[in-house]
Every structure is written in C-alpha cells, then in structure tokens.
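# Residue-level structure breakdown
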Amino acid sequence: APAPVKSQQASKPQAAAAPVTGRSPTISLFGFGGGDEPDKSAPAATSAAPRGVPVISRWKQSPDGSISGVISGSSAFKDGDPVTTSPIRGKAVGGKVVVTKSGSKYFLSGGD
C-alpha cells in the first residue's frame, strides 16, 4: 500500500506543472467565452450595452436629431434590420445610451 502512495506523491508535482505549461487557465480568462465568440463580440461597445437596451451600430445622426443605423437586441426588429429612430434628446455619442423624445432607449455602438 505505501508504494502506490509514494508514486501518487511523485506524480503530483508533474500534474501541477502540466497546467502551468498548458496555460489553459490564462487563455480561458482572457477568452472568457472560448472559441470564436470573443472575436464576434470584439466590438466591445456592443457588450457594454445595458441589459434590455437595443444596440444601434453603424449609426449616423440626421440634422433633425434622429439616428439611422443597424439594430440588434430589439424585440421589435430582427438583428441587422436598418432603423431610423425618432429625434433624440441631445447629441448622439458612441458608447452611450440615448433616449428619443418619445422615450425609447438605444445604445449607440462605437462612433459615427
């Protein structure tokens, strides 16, 4: 019985060395989703949108204050649909939530 215990103890340092050289934990922390998903969510502004607030990307603000762009995360539109909002209150700024004069909220991805 003592011999298997000694061989298990001898294998413990090797097992401890394997994760360090494999670096899997570090990659998992930076990838935080693994696979291709981090690349797809690379526009970090999209991930910064508050829960439940639709995102408008590739947007431009018109002289009347409305925002035109491509929407995602909306229950009223399919992801990728082109939309134009009613005029917003104030100036459009990428990476921020805007509120239209009618009260709708949108997160503006990136910049114009």
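Data block above holds the structure.
Residues numbered from 1 in each chain as written. Predicted model: local features only at pLDDT ≥ 70, side-chain atom pairs only at ≥ 80, totals over all residues. Heavy atoms only, no water.

## Observations concerning the overall build of the protein chain
What the protein chain contains, in helices and strands, is 4 helices and 5 strands. Its helices and strands taken in sequence order, the protein chain reads α-α-α-α-β-β-β-β-β from the N to the C terminus. In the protein chain, 31% of the contacts between residues at least 6 apart in sequence involve partners at least 24 apart. Carbon together with sulfur atoms contributes 57% to the accessible area of the protein chain, which is approximately 7,900 Å² in total. (Helix = DSSP H or I, 4+ residues; strand = E, 2+ residues; numbered from the N terminus. Contact = heavy atoms within 4.5 Å. Areas by Shrake-Rupley, 256 points an atom, 1.4 Å probe, with all protein chains shown as cover.)

## Concerning the nonpolar core
In this structure, Ile56, Trp59, Ile67, Ile71, Val83, Ile88, Ala92, Val98, Tyr106 and Leu108 together form the largest nonpolar core, which totals 10 residues. Of all the secondary structure elements, the ones that give two or more residues to this core are strand E1 (55-61), strand E2 (67-72) and strand E5 (105-108). Residue contacts for Ile71: discarding those within four places in its chain leaves Pro54, Val55, Ile56, Phe77, Lys78, Asp79, Gly80, Asp81, Val83 and Tyr106. (Core = buried A, V, L, I, M, F, W, Y, C linked by side-chain atoms within 4.5 Å. Buried < 20%, exposed > 50% of the residue type's maximum accessible area, 1.4 Å probe, protein only.)

## A few points about the environment of Gly52
Take Gly52: it is sitting in the loop between helix H4 (44-47) and E1. Exposure remark for Gly52: the relative accessible area of 69% places this residue in the exposed category. Between the C-alpha atom of Gly52 and that of Ser75, which follows or precedes it by 23 residues, the distance is 9.2 Å.

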